[in-house]
Amino acid sequence: FILSKTSHPGRIEGTMGKIEEAKALVAEGDKHVKTSLTKWKPDYMNAAMCYDKAGLAFKVAKDFESSMQAYKKAAQAHSQSRQFFDAGKALEQASNAAKDLKRFDDAIQLMEEAAERYNDSTNLETAAQAYEKAGEIAEKAGFNEKGTELLLQSVEMRYAQDRPRMAKIPLSKATRLLVKSGKYDRAVELLKKLGQIGLEMNQPNVFETCVMSIVVLLLKNSDYVAADAYYVEAVSQHPGLASTTGSKICDELLTAWDNNDEEALAEIVGRTYITTMENEIARVARDLRLPGFPSGKSAAPQQVVLRPKAPNTSNTLSASPSGAADATSSHSPSSTPAGGSSDPSRRLSVTLSKRPEAESDSDHIRPTAAPAAAAASDLLSRMDNMHVSGDGMDLAGGDAGAGESSDAHADTGAGGADAGAADAGAADAGASEDLSDLL
């Protein structure tokens, strides 16, 4: 607490002292510029020196507005003495002060003037760097179009010096701004230059990334023909490209697009190789959609069809023309939709109840002939309970019951015993034939 209380006044005194020192230097510089009867020519060199010192003192005191004004005066004095390189340095410092003030318009303008002064001093590389810095300021401020223009000026100066390799970084930055602005055609042109630089620098990974980026941007423009033609040309001119990971993914991407396979497209653009590319290119790749598919969805909505659970096959039969009546009578109501209409996609099934277990394996009747089995079982039961004796009991072939036969033979009397026995034997044979036919 004591240290903070004692040091705070000192910091204030130091700041005020720097400001007073800077003001004194500005006044001294103004004197060097003025003329009089005894001083006919301004002393720009000494004036520029005073202004430079004043600008630095204001910067230390955090007075960025005064620092910017002092550096601008220093730049004018250096230019008057034809010290263009020093003038560019002063303007660059003034631009930094404007940037600290969040006055990006002034910062960009001052950096452009610095690049021009460097160019006047025939220091082209420093001028190109200044244009690149101005483009970065414009990008930070959100002036994408202005930033692209400045970065391309830096690229042109590198090509003018026959140093295209030095244009790699500003080309990448300009491409990023163009993609961010949605100017994909122009971005494709710059990517082709960037890929050529990668080949000249023996950096095949740069060329591979550029090819992938170009294909993505062309597909974003829904120009599959151009994307496929460029990829085929790139592979034919550089055979080693076909064995790279990027080339294989690119080929799969084009195949998915050609096959109109939205699911495969969504899977490909989500791979790590694409997500680790330049941020703007990766964003465009994630938003790729086939023509006719809405943006933001990986695939078209699909209709879900619910199918009934398969019935138990142990006691279930498929309907057939011969058993249509039985199937209709035994079909479950829950399997028929409301309104009485049947769903053609459903498999029509009927369930038949099992006959009670037979007393022996030989008496077991298959459930596939339930009506005939019931009749046969009834006939067998009646035959088991039937007694053929001399009292004249008669068996009628199947149309008359056992009671009717007894009444008919009771009227014949005792004298017809032999005939009754013969009739019973014939009836027994007829019943056996009927049973055989039923089974």
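Source: prediction; values computed, not measured.

(A) Looking closely at helix α3 (residues 64-80). The first and last C-alpha atoms of α3 sit 24 Å apart over 17 residues, in line with the 24 Å expected at 1.5 Å per residue. Along its buried surface, α3 packs onto α2 (44-60), α4 (84-100) and α5 (104-120).

(B) Looking closely at the packing of α5 against helix α7 (residues 144-160). Contact pair α5 / α7: the axes reach a minimum separation of 12 Å and the direction vectors enclose 15°. Accordingly, the angle class assigned to the pair α5 and α7 is roughly parallel. The crossing of α5 and α7 is left-handed. For the pair α5 and α7, the contacting residues are Ile 108, Glu 112 and Asn 119 in the first and Lys 146, Leu 150 and Met 157 in the second. Class assignment for the residues of the contact of α5 with α7 results in three nonpolar, one polar and two charged.

(C) Looking closely at the packing of aromatic side chains. Per the counting criterion, the structure on display carries one aromatic pair. Ring plane angle 50° and centroid distance 5.3 Å describe the contact between Phe 85 and Tyr 118, whose orientation is recorded as tilted. Here Tyr 118 lies in helix α5 and Phe 85 lies in helix α4, a separation of 33 residues in the sequence. The buried category is assigned to Tyr 118, whose relative accessible area is 0%.

(D) Local environment of the nonpolar core. Of all hydrophobic cores here, the largest spans 49 residues; its most connected members are Met 212, Leu 217, Leu 219 and Leu 253. Counting only elements with at least two residues in this core, the list comes to α7, α8 (168-180), α9 (184-200), α10 (204-220), α11 (224-237), α12 (245-258), α13 (262-269) and α15 (279-286). Looking at this core, the element that brings in the most residues is α10, giving eleven residues. Residues within four places of Leu 253 in sequence aside, it is in contact with Met 212, Val 216, Leu 219, Leu 265, Ile 268, Val 269 and Leu 288. In this structure, Ala 107, Leu 110, Ala 127 and Leu 150 belong to the second largest nonpolar core, which totals 39 residues.

(E) Structural detail: unusual backbone geometry. Its identity is not glycine, yet Asn 202 carries a phi of approximately 55°, on the positive side. Along the polypeptide, Asn 202 turns up in the loop between α9 and α10. Positive phi is not limited to glycine here, since Asn 260 has a value of about 60°. With respect to the helices, strands and loops of the structure, Asn 260 is situated in the loop between α12 and α13. Since its relative accessible area comes to 46%, Asn 260 is described here as partly exposed.

(F) View of the pattern of salt bridges. In the structure shown here, the tally under the stated rule is 17 salt bridges. Residue Lys 173 pairs with Glu 132 through a salt bridge whose shortest N-O separation is 3.2 Å. On the criterion of sequence distance, the pair formed by Lys 173 in helix α8 and Glu 132 in helix α6 (residues 124-141) is long-range, its members being 41 residues apart. The exposure classification of Lys 173 matches that of Glu 132, with both residues buried. What you see here is one network of salt bridges that share partners, running through Glu 125, Glu 132, Glu 136, Arg 158, Arg 163 and Lys 173.

About the cut-offs
Residues numbered from 1 in each chain as written. Predicted model: local features only at pLDDT ≥ 70, side-chain atom pairs only at ≥ 80, totals over all residues. Heavy atoms only, no water. Helix = DSSP H or I, 4+ residues; strand = E, 2+ residues; numbered from the N terminus. Expected span 1.5 Å × (residues − 1). Contact = heavy atoms within 4.5 Å. Axes fitted to C-alpha atoms, helices over the stretch in contact; angles between N-to-C directions. Parallel < 35°, antiparallel > 145°, perpendicular 65-115°, else oblique. Left-handed = near helix turned anticlockwise from the far one by under 90°. Nonpolar A, V, L, I, M, F, W, Y, C, P; charged D, E, K, R; others polar. Phe/Tyr/Trp six-rings, centres within 6.5 Å; stacked < 30°, edge-to-face > 60°. Buried < 20%, exposed > 50% of the residue type's maximum accessible area, 1.4 Å probe, protein only. Core = buried A, V, L, I, M, F, W, Y, C linked by side-chain atoms within 4.5 Å. Salt bridge = Lys/Arg side-chain N within 4 Å of Asp/Glu carboxyl O.

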